[in-house]
Amino acid sequence: MRRMTTALLALLLTTTVLSACSSAGVAVSPVSSAEAAAVLAAGPDVVVLDIRTPEEFNDGIIEGAINIDFYESSFGDTLDTLDKDAKYVVYCRSGNRSSQARKTFESLGFTNVVEIEGGILDWHASGLPVVTP
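Computed from a predicted model, the values in this text were never measured in an experiment.

Caption draft 1: Quick peek at the sheet that holds strand E4 (residues 87–91). One open sheet holds the five strands; their spatial order is E1-E5-E4-E2-E3, and the pairing between them is parallel. One side of each edge strand has no neighbouring strand; the edge strands of this open sheet are strand E1 (28–31) and strand E3 (66–67). The sheet contact formed by strand E2 (residues 46–50) and E4 spans five bridges and is parallel. Residue Val-46 lies in a different strand from E4, and its bridge partner there is Lys-87. Sheet strands in contact with helix H5 (residues 96–108) are E1, E2, E4 and strand E5 (113–116), and its direction is about 170 degrees off that of E5.

Here is the structure:
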C-alpha cells in the first residue's frame, strides 16, 4: 500500500510540475529536489543534464546524467544539438549555473526543462541518491 501511495504521489507531483510548465509557456521550471525526483520516477524518457565541470561530474552524479560543462564556450552549441521537445532535468552544484542557463534553454526553444533548485548539493542533502559515473 505504501508503494502505491508513493507512486501516486510521484505521479501527482510530476503532473503538477509538467502542467505548470506547459500551461505557463515556461521552458524552464525551477523545482525542489523532491519534485525533480518525482519527475525522474515518472518515466524513463527524461534526460538528466549535469552542467558542472567534468571534475565536479566525476565526484558524483544523479544516475544517468550526461555532462555538458556550462563553462565551455561550446555550451550553447552543444545544447542546440539536443531534442528541444524532450523532457530534461538539469542541475549544477548549487543552482547558480543552472539558473543562469535558463535563458540559454529558453532562447534555443526547449519546451520542457526542470531545473533543480539548490543543485546536487540540495539533492544530496535531501537524502536522494548520488552515484559515481
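Having seen the model, we can carry on.
Caption draft 2: Quick look at the pattern of salt bridges. This model, assessed by the stated rule, comprises five salt bridges. Between Asp-45 and Lys-87 there is a salt bridge, and its shortest N-O distance comes to 3.6 Å. Here Asp-45 is found in the loop between helix H2 (33–42) and E2, whereas its partner Lys-87 is found in strand E4, with 42 residues between them in sequence. What makes Asp-45 partly exposed here is its relative accessible area of 45%. Measuring nitrogen to oxygen at the nearest pair gives 2.7 Å for the salt bridge that ties Asp-50 to Arg-52. By the burial criterion, Asp-50 is buried, and Arg-52 matches it.

Caption draft 3: The environment of Ile-61, seen in detail. Tracing the backbone shows Ile-61 in the loop between helix H3 (54–58) and E3. For Ile-61 and Val-131, which are 70 residues apart along the polypeptide, the C-alpha to C-alpha distance reads 5.3 Å. Not counting the four nearest positions on each side in its chain, Ile-61 is found in contact with Asp-50, Arg-52, Tyr-91, Ile-120, Pro-129, Val-130, Val-131 and Pro-133.

Cut-offs and rules
Along each chain, numbering runs from 1 in the same order as the chain's sequence is written. Owing to the predicted nature of the model, reporting of local features is limited to residues with pLDDT of at least 70; listing and counting of side-chain atom pairs is limited to 80 or more, with chain, interface and lining totals taken over all residues. Working from all heavy atoms in the structure, the side-chain values ignore hydrogens and water. When DSSP locates at least two bridges between a pair of strands, those strands are taken to pair. Counting from the N terminus, the helices are the DSSP runs of H or I reaching at least four residues and the strands are the DSSP runs of E reaching at least two. We call two residues contacting when some pair of their heavy atoms lies within 4.5 Å. Here an angle of 0 to 180 degrees is reported between the N-to-C directions of two axes, which are lines fitted to C-alpha atoms, with helices fitted over the stretch in contact. Definition used for salt bridges: Asp or Glu carboxyl oxygen within 4 Å of a side-chain nitrogen of Lys or Arg. Exposure categories follow from relative accessible area, calculated using a 1.4 Å probe and restricted to protein chains: below 20% of the type maximum is buried, above 50% is exposed, and the middle band is partly exposed.

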